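# Structural description and commentary
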Amino acid sequence: MNYFKKSAAVTSVVAALLIALLCAGCTKTPEKGPDGGTAAGTQADNNERPLFVFNVIGDMQLDYEKSYCEENYTKALQSIAEISPESALVLSTGDNTQHSRDDEYALLVNKKKEILGDLPMYLAIGNHDRGYVEGYGAGNADFDEIKGRFVENARITSGKGDIDEVYYSFEAGGYRFIILGSEAVSRNDTCNDVYISDAQYNWFVSEMRSAAGTGGPVFVVIHEPYYNTVSGTLPGQNWNGNPAGDGFYEDNKYEALKEVIDGYPQAVVFSGHTHWEFKSKSPVSFGDGDHATYINASSVGYLWNDKNEGYLLNNKYSGSEGMFVYVYSDKIIIKGRDFINNSWILEESIPIR
């Protein structure tokens, strides 16, 4: 090899090394997961991976003109697609729409299809999905019509064609998921009542007995959380959820459901409704083996804080959060995500006993 050929070869090698180093420096660092690995939860030291991954969102309240709900819903779905492509499903804790209109459901369905494709999204029914509009008084909608619209769209987003009620269950990854929901339109002008029929109550008792036989965690979803459990329901927080006690409406089995739930310490209950942000007091109420664990799923549509106030941006309520859930053999790790600022803001570990 003559001098010129040798110099060219050396130059080529040096150039290749420089390009490799520059490219390595430009590589995007992947999002970190719940235990220091990737967003999928892989640990760098022992390569532990979660057995099952899913997401929890809620309170999108699509078409609420006083918030950035559509933009926030889009960002939430994009975050799920980018950070958690291994997610098996999405749970919605309700208030999917603002007024339970066909056009609002169409937006919910089409945007989900556009971004997440056929990934199942299982809907719970919220007070706004029951036709509640502030200031219109009690009984301002026909429940059969409301129920029909909800059932139709719950089937579409989940791909589960046998949903016939506002309550239903399914299995995924070997785990039982139970969706609960109120069976009446508003019976007062604040829509702070949740009507659970004898039929739903008895069905739930049977479902929990059956689910307990699996030996693993049981995941329960209901829009309205129970008083004094999670953020937004604590004493002094101007709770506007369901009035405590079945006696508020004599036919209401809502409070009785909690007695059933707390009989199963492996139950993990996700709720929405309050919009209280993850950094507020008590986003998670741990069961510690004595009763169920209750989790506030925050809100995609807009956020509320411990001062009982929302965040305003250009005279509209702002903020958007949701949850990534990683199930391991011995624990469940939940991570709260700020969809606006693209940051993790909550991490808790729940032991599987």
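It should be noted that the structure appears before, not after, this text.
Positions within a chain are numbered from 1, following the residues in the order the chain's sequence is written. Reporting in this predicted model follows two pLDDT cut-offs: at least 70 for local features of residues, and 80 or more for side-chain atom pairs to be given and counted; totals over whole chains, interfaces and linings ignore these cut-offs and use all residues. Side-chain calculation: all heavy atoms of the structure are included, whereas hydrogens and water are not.

## Observations regarding the sheet that holds strand β1 (residues 52–57)
In plain terms, the rule: Should DSSP find at least two bridges between two strands, the strands are taken to pair. Each helix corresponds to a stretch of at least 4 residues labelled H or I by DSSP, and each strand to a stretch of at least 2 residues labelled E; elements are numbered beginning at the N terminus. For helices, the axis comes from a line fit to the C-alpha atoms of the stretch in contact; other axes are also lines fit to C-alpha atoms, and the angle between any two N-to-C directions lies between 0 and 180 degrees.
Spatially, β3-β2-β1-β12-β13-β14 is the arrangement adopted by the six strands of the open sheet, whose pairing is mixed. The sheet is open, and its two edges are formed by β3 (121–123) and β14 (343–351), each paired on a single side. Going across the sheet, the axis of each strand differs from the next one's by a mean of 20°, ignoring polarity.

## Let's talk about the environment of Glu-255
Defined as follows: Partly exposed describes any residue whose relative accessible area lies between the buried limit of under 20% and the exposed limit of over 50%, with all areas from a 1.4 Å probe on protein chains only and scaled to the type maximum.
Secondary-structure assignment places Glu-255 in helix α6 (residues 254–261). The class of Glu-255 is partly exposed, set by a relative accessible area of 26%. Measuring from C-alpha to C-alpha, the distance between Glu-255 and Ile-196 comes to 9.0 Å, with 59 residues separating the pair along the chain.

## Considerations on the pattern of salt bridges
Basically, it comes down to this: One speaks of a salt bridge when a side-chain nitrogen belonging to Lys or Arg is within 4 Å of a carboxyl oxygen belonging to Asp or Glu.
If you walk through the whole model with that rule in mind, you get 16 salt bridges. With a shortest N-O distance of 2.9 Å, Asp-103 and Arg-101 are connected by a salt bridge. One salt bridge connects Asp-118 with Lys-113, and the closest N-O pair in it is separated by 2.5 Å. The network of salt bridges with shared partners includes Asp-63, Arg-101, Asp-103 and Glu-104.

## What about the packing of aromatic side chains?
Quick note on the threshold: Pairing of aromatic side chains requires ring centres within 6.5 Å, counting the rings of Phe and Tyr and the six-membered ring of Trp. Pairs whose planes differ by under 30 degrees are stacked, by over 60 edge-to-face, and all others tilted.
Evaluated as defined, the whole model comprises 19 aromatic pairs. For the pair Phe-54 and Phe-177, a centre-to-centre distance of 5.3 Å together with 85° between the ring planes defines the contact as edge-to-face. Here the residue Phe-54 occupies a position in strand β1, and Phe-177 occupies one in strand β5 (residues 175–179), the gap between them amounting to 123 residues. Of the two residues examined, Phe-54 and Phe-177, each falls in the buried class. A centroid spacing of 3.6 Å and a plane angle of 10° characterise the contact between Tyr-122 and Phe-170, whose relative ring orientation is stacked. Placement of the pair is Tyr-122 in strand β3 and Phe-170 in strand β4 (residues 168–172), with a sequence separation of 48 residues. Residue Tyr-122 is classed as buried on the basis of its relative accessible area, which comes to 9%. Ring pairs connect the aromatic residues Phe-52, Phe-54, Tyr-122, Phe-170, Tyr-175, Phe-177, Phe-219 and Phe-270, which therefore count as one cluster.

## Some details on unusual backbone geometry
Residue Asp-59 is not a glycine yet carries a positive backbone phi of 55°. Relative to the assigned elements, Asp-59 resides in the loop between β1 and α2 (69–83). By relative accessible area, Asp-59 is classed as buried at 0%. The phi torsion at Asn-314 lies on the positive side, around 55°, for a residue other than glycine.

## What about the packing of helix α3 (residues 102–116) against helix α4 (residues 143–158)?
The following threshold applies: Every angle not falling under 35 degrees, over 145, or within 65 to 115 is termed oblique; those three ranges are roughly parallel, roughly antiparallel and roughly perpendicular. We call two residues in contact whenever any of their non-hydrogen atoms come within 4.5 Å of each other. Note on residue classes: Ala, Val, Leu, Ile, Met, Phe, Trp, Tyr, Cys and Pro are nonpolar, Asp, Glu, Lys and Arg are charged, and everything else, Gly too, is polar.
Packing of α3 against α4 brings their axes to within 10 Å, and their N-to-C directions diverge by 5°. The orientation of α3 with respect to α4, classified from their angle, is roughly parallel. Counted together, Asp-102, Tyr-105, Leu-108, Val-109 and Lys-112 of α3 and Arg-149, Phe-150, Asn-153, Ile-156 and Thr-157 of α4 form the full contact between these two elements. Across the contact of α3 with α4, the residue classes break down as five nonpolar, two polar and three charged.

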